[in-house]
Amino acid sequence: MNRSPTADRPEGPFTAFSRFLGHFRWAFMPLGLLALIAVGIHAAADTLDDRLLAVVDFVDAAFDRLVGRFDLTAPLVDLLSLERRTFLARALALSWELAADVVLALPALGYREESAPQAPSWRLPQTPSRHSWRALLVRCLRRPTSMRWIRPLATALVAVAGACTVARLVQGTVYLSWRELFGEGVADGVARGLALAALVGLLWRLGARAVLRNLQHADEASELHARGFARALAYGLPGSALVAPLALAAALDASPLLSFLR
Amino acid sequence: MFSRNARGLLDFTLALLCLWTAWHHTPAGALVRRASAWALGRHSTARPLLAYYDGVSGTGVSAPTLAPGTPPLRPFTDGEALAYGTHLALKGLSPKARAPAFALAEELGVPPDSLLDESRGPAAVRKLHEALAKAFPQEESRLTALFAGRVPARYAVERVAAEGGTPSLERLARQLPPGYEDSTVAAAQALALATAFGLAWPVPESAPVTSPFGYRLHPVLGTRKLHTGVDLSVRVGTAVQAVADGTVRRASEDAVNGRVLIVDHGRGVTTAYCHNSELLVRPGQRVTRGELIARSGNTGRSTGPHLHYQLELAAQPVDPLRFRARSSPLVDGSAR
């Protein structure tokens, strides 16, 4: 008779507490996914503000050259004074980040886990089969759309950047607050261990779900609106174009994964 | 790895960590904090939204506000400039945020109060720098050690080394957990002020200042406007030199600024040179201190040959004369 090895054991307080928390997954999981993506997007946007300033400088110079040619429009040169360009670049970075939050992070609020009869409720692929990883990836290959490819990929990259940011904060907080209590060696070891655990845990438990949820969202939208080649390419393209540079910045400048192993 | 029953707690902990990070470290989190503070009728502690993009930011006073009222009596060496900048930044800090610097001073036998003293302060601060120089050879990490403490600074330096790259103040600040914002802001202010004190002058020292920094009646528009730099009376074709090493951010021409150059010197310091007759460098080009970058002129909205020289600290214009040793004549002439 096959019985689970834990079946006869009485439930301890830890397990009971964990189970109790599991009842609130509907609330904390969507919020956690949203927060992870938002943190990753900010980590990426923070690396772009200097480049945005260069773009603002370039555009402002071209604009000033253009309007300065005519007496009537010459006063417009003063529209963006030299010292206000930095302000504008930061305002653009903020707008970009908030717009990317809407495109990538908000769909996470639609995250749901459905119980299957024979499996515990916390298990990941309990969604109907058409929303499973396998079914979604098959549709990505057979009926590719810009949304189906770009959004989940961008989510994956910003989720990694977000996990690195959280892990970095965990390491710094633990090391600097525990050093006085437990000494240098213990604090350093524990901080490194916890940072690495946070990084792995976030990628495993939340990162994967964030990507899956975004894939589901992109799939639903594509099924509804992106039929035919032109629609498949164009539907959701502005949003995808908005998040693609941020995803690239997240991968290149905001994901120091190996630093947690050094 | 984790029993299935434990995953509820694991997921809850991880989600909470993400929410905590987003709450404190993203503009979206700041928006929510502001909205909830407004709804509850409380005061929000969230930073201004745009401050999330200036690398190191906090609630302290800005570097331009800390600029000295009177210019230095003689040119500073690099060490003196750093010490004076640190002294000014310390004065702008809250008593609580000064604690690490005061603790270090006590450890070295320097009376903490002397760090804030107008006359003895720069020399006292210099002793702290000298004591930290061996363990923290780079100015960025040394200032972090002075304002945040040696342990957090060493930790941040090691983390930046693990990530690879140079330990800029922005990267060091990123490694520190919440609670060190004021320290990293003060370090950035000290560095910006020190860099400004070390700047050369773009034209010969003898060039008279014909229109100083500040509010004035604009000579062309006839309206009261902030003059964001100083006008230096020089002949057309006078050599304009870079006041420090940096990267050309802009080299363009328009109807107001004429042929204009903007050079980014890093550490929050930018200079601009307007109304030139000829620009000799391109955007993106690296320039060195004293390098010929332009020839002065009378282009744009100008009533006579001059160079408009502008200095910005943390993206705010400041009076360049407040950072220049007072050795050249100032002339109260007509505004250009």
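Residues numbered from 1 in each chain as written. Chains lettered and ligands numbered in written order. Predicted model: local features only at pLDDT ≥ 70, side-chain atom pairs only at ≥ 80, totals over all residues.

What exactly am I supposed to notice about the overall build of chain A here?
Assigned secondary structure in chain A consists of nine helices and zero strands. In sequence order, the secondary structure elements of chain A are arranged as α-α-α-α-α-α-α-α-α. Within chain A, the proportion of its 262 residues that are buried is 43%. Considering only contacts within chain A whose residues lie at least 6 apart along the sequence, 83% involve residues at least 24 apart. (Helix = DSSP H or I, 4+ residues; strand = E, 2+ residues; numbered from the N terminus. Buried ≥ 20, exposed ≤ 12 C-beta atoms within 10 Å, placed from the backbone. Contact = placed C-beta atoms within 7 Å.)

What am I meant to see in the overall build of chain B here?
Helices and strands together make up the secondary structure of chain B, namely ten helices and twelve strands. Taken over the C-alpha atoms alone, chain B extends approximately 80 × 45 × 40 Å along its principal axes. Relative to its full complement of 336 residues, chain B shows a buried share of 50%. Residue pairs at least 24 apart in sequence account for 65% of intrachain contacts in chain B once pairs closer than 6 positions are excluded.

Quick question: what am I supposed to make of unusual backbone geometry here?
In most cases, non-glycine residues show a negative phi, while peptide bonds are predominantly trans. Residue and element names in this part refer to chain B. Its identity as a non-glycine residue notwithstanding, Arg 267 has a phi of 55°, on the positive side. Mapped onto the fold, Arg 267 is located in the loop between strand E7 (258-266) and strand E8 (269-279). Residue Arg 267 is classed as buried on the basis of its 21 C-beta neighbours within 10 Å. Phi at His 275 takes a positive value of approximately 70°, unusual for a residue other than glycine. Tracing the backbone shows His 275 in strand E8. Its 25 C-beta neighbours within 10 Å are what place His 275 among the buried residues.

How should I be thinking about the domain arrangement of chain B in this particular structure?
A common measure of how large an interface is: the accessible area buried when the components associate. According to the domain assignment, chain B contains domain 1 (4-44), domain 2 (76-197) and domain 3 (209-323). Just the C-alpha atoms count here: the centres of domain 1 of chain B and domain 2 of chain B sit 32 Å apart. (Domains from an automatic or database assignment.)

How should helix H1 (residues 7-25) of chain B be read in this particular structure?
Two residues of an α-helix separated by three or four positions point the same way, owing to the 3.6 residues in each turn. Between its terminal C-alpha atoms H1(B) stretches 26 Å, which fits the 27 Å expected from 19 residues at 1.5 Å a residue. Among the residues of H1(B), those classed as buried are B:Arg7, B:Gly8, B:Asp11, B:Phe12, B:Leu14, B:Ala15, B:Leu17, B:Cys18, B:Thr21, B:Ala22 and B:His25. Buried residues belonging to H1(B) abut helix H1 (13-22), helix H2 (25-46), helix H6 (146-182) and helix H7 (184-225) of chain A together with helix H2 (27-40) of chain B. (Expected span 1.5 Å × (residues − 1).)

What's the story with the interface of chain A and chain B in this structure? I'm lost.
Contacts between the two partners involve 58 residues from chain A and, on the opposite side, 47 residues from chain B. For the side of chain A that touches chain B, the secondary structure elements donating two or more residues are H1, H2, helix H3 (49-67), helix H4 (85-105), H6 and H7 of chain A. Tallying contributions element by element places H2(A) first for the side of chain A that touches chain B, with eleven residues. In terms of residue class, the side of chain A that touches chain B is built from 30 nonpolar, twelve polar and 16 charged. (Nonpolar A, V, L, I, M, F, W, Y, C, P; charged D, E, K, R; others polar.)

Hey, could you run me through the pairing of strand E6 (residues 246-254) of chain B in this one?
Two faces, one strand: in a regular strand the side chains alternate between the faces of the sheet. Residue and element names in this part refer to chain B. Buried residues dominate E6, accounting for seven of its nine residues. Bridge count for E6 against E7 is seven bridges, and the pairing is antiparallel. Bridging across to E7, Thr 247 finds its partner in Asp 264. Counted between consecutive antiparallel strands, the loop separating E6 from E7 contains three residues. (Pairing = 2+ DSSP bridges.)

How do you make sense of the nonpolar core when you look at a structure like this?
As a rule of thumb, soluble globular proteins bury nonpolar side chains together. By size, the foremost hydrophobic cluster in this structure holds 129 residues, and its most contacted members are A:Leu36, A:Ile37, A:Ala44, A:Val158 and A:Ala250. Leaving out residues up to four positions away in the same chain, A:Leu36 has contacts with A:Ala159, A:Gly162, A:Ala163, A:Leu202, A:Leu206, A:Gly207, A:Ala210 and B:Cys18. The next biggest cluster of nonpolar side chains, apart from the first, holds 25 residues, and it includes B:Ala207, B:Leu261, B:Ala272 and B:Leu307. (Core = buried A, V, L, I, M, F, W, Y, C linked by C-beta atoms within 7 Å.)

What is the right way to read the packing of H2(A) against helix H9 (residues 237-253) of chain A from this model?
Geometrically, a packed helix pair is captured by the angle between its two axes and the distance between the axes. Residue and element names in this part refer to chain A. Following both chains from N to C, one finds H2 and H9 inclined at 85°, their axes separated by 8 Å at the closest point. What the angle tells us is that H2 and H9 run roughly perpendicular. On H9, the residues that touch Gly 40, Ile 41, Ala 43, Ala 44 and Ala 45 of H2 are Leu 246, Ala 249 and Ala 250. A per-class count over the contact of H2 with H9 returns seven nonpolar, one polar and no charged. (Axes fitted to C-alpha atoms, helices over the stretch in contact; angles between N-to-C directions. Parallel < 35°, antiparallel > 145°, perpendicular 65-115°, else oblique.)

Explanation requested: the packing of H1(B) against H2(B) in the structure shown.
Residues and elements named next belong to chain B. Contact pair H1 / H2: the axes reach a minimum separation of 5 Å and the direction vectors enclose 80°. Relative to H2, the element H1 is oriented roughly perpendicular. Residues Ala 22, Trp 23, His 24 and His 25 of H1 lie in contact with H2, whose contacting residues are Ala 28, Gly 29 and Arg 33. Along the lines of polarity and charge, the residues of the contact of H1 with H2 split into three nonpolar, three polar and one charged.

So what exactly am I meant to see when it comes to the environment of B:Thr228 here?
Assignment of secondary structure puts B:Thr228 in the loop between strand E3 (224-227) and strand E4 (230-232). In the structure, B:Thr228 is positioned 81 residues away from B:Tyr309 in sequence and 8.7 Å away in space, judged by C-alpha atoms.

Any chance you could explain the environment of A:Gly172 here in plain terms?
Locating A:Gly172 in the fold gives a position in helix H6. According to the C-beta neighbour criterion, A:Gly172 is buried, with 23 such atoms within 10 Å. Taking the C-alpha atoms as reference points, A:Gly172 and A:Arg192, separated by 20 residues in sequence, lie 9.1 Å from one another. Setting aside residues up to four positions removed in sequence, A:Gly172 forms contacts with B:Tyr155, B:Gln175, B:Leu176 and B:Pro177.

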